[in-house]
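Report on the structure
Spelled out from the first residue to the last, the chains are:
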Amino acid sequence: MIVGICGSPRKQATHYVLERTLETLEDEGFETEFFTVRGKNISPCRHCDYCLRNRECVLKDDMYPLYDLLRGAQGIIIATPVYNGGVSAQVKAIMDRCRALGAEDYDSLRGKLGMGIAVGGDRCGGQEPALMQIHTFYILNGVIPVSGGSFGANLGACLWSRDTVEGVKEDSYGFKTLDKTLKMFKRFLNSQTP
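Residues numbered from 1 in each chain as written. Predicted model: local features only at pLDDT ≥ 70, side-chain atom pairs only at ≥ 80, totals over all residues. Heavy atoms only, no water.

Focus on the environment of Lys-176
Filter applied, for reference: Elements are defined by DSSP. Helices are runs of H or I of four residues or more, strands are runs of E of two residues or more, and each kind is numbered from the N terminus. For every residue, the accessible area obtained with a 1.4 Å probe (protein chains only) is divided by the maximum for its type, and the residue is called buried under 20%, exposed over 50%, and partly exposed between those limits.
Note on placement: Lys-176 falls in helix H8 (residues 172–192). The exposed category is assigned to Lys-176, whose relative accessible area is 54%. Between the alpha carbons of Lys-176 and Cys-158 there is a distance of 9.1 Å; along the sequence they are 18 residues apart.

Shown next as structure tokens:
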């Protein structure tokens with residue numbers, strides 16, 4: 001199963017791009033699950049170390065259904081709008097709260113494949129630094145980060161929305177970066193299938 005995490009509190013461009021990505025995977029026979037932060041209560045990590053002592057997070061909120069999805073995932077796609085040159089606060093909260101997964105089982109995410117999608121209101125609005133944050137999260141948790149490779153999608157999918165769904169739909173270059181990244185992601189997924 002591929003878990004797609006939409007890190008936007010709005011149902012706009014990032015939501016559209018991730019939905020389209022998961023539909024492409026489904027059309028090719030992959031099972032997917034869409035998780036959105038929109039309308040969810042996901043508190044930031046308190047770094048209280050409760051999870052280290054009790055092997056679960058002290059905060060009982062909407063992160064718990066995501067924990068279950070992540071445990072069963074073969075691949076993870078984090079899609080974020082760009083906020084101040086990085087990931088959204090909601091994505092950052094998810095990343096930080098995954099500390100509890102590692103406290104429960106150090107290898108809970110290890111060996112899974114990870115892909116990133118960053119959607120900025122400007123063409124050069126911080127998409128690559130946001131993808132670097134996503135890749136850093138993956139690396140720290142043993143997830144294998146997948147990019148689109150050299151020549152256009154070095155770190156992953158970078159899209160320009162002009163702050164609208166219509167704007168992102170017009171970003172043909174951005175969708176080329178998504179297609180390249182998704183092609184590599186599927187290639188690695190298929191190589192893991194017995």
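With respect to the environment of Arg-99
The line we're drawing: Should any heavy atoms of two residues lie within 4.5 Å, those residues are counted as being in contact. Here a polar contact is taken to be a pair of N or O atoms separated by no more than 3.5 Å, where protein atoms must pair a possible hydrogen donor with a possible acceptor and residues adjacent in sequence count only if both atoms sit in side chains.
Locating Arg-99 in the fold gives a position in helix H5 (residues 99–104). For Arg-99, a relative accessible area of 27% gives the class partly exposed. Sequence spacing of Arg-99 and Phe-30 is 69 residues, and the spatial spacing of their C-alpha atoms is 28 Å. Once residues within four sequence positions are removed from consideration, Arg-99 is found in contact with His-47, Asp-49, Cys-51 and Leu-52. Within the structure, Arg-99 has its side chain in polar contact with the side chain of Asp-49 (distance 3.0 Å).

Structural notes on unusual backbone geometry
Positioned with a positive phi, Asp-49 is a non-glycine residue whose angle comes to about 70°. Positionally, Asp-49 belongs in the loop between strand E2 (32–36) and helix H2 (50–54). Owing to a relative accessible area of 26%, Asp-49 belongs among the partly exposed residues under this scheme. At Phe-151, a residue that is not glycine, the phi angle is positive and equals roughly 70°. Looking at the secondary structure, you find Phe-151 in the loop between strand E5 (144–146) and strand E6 (157–160).

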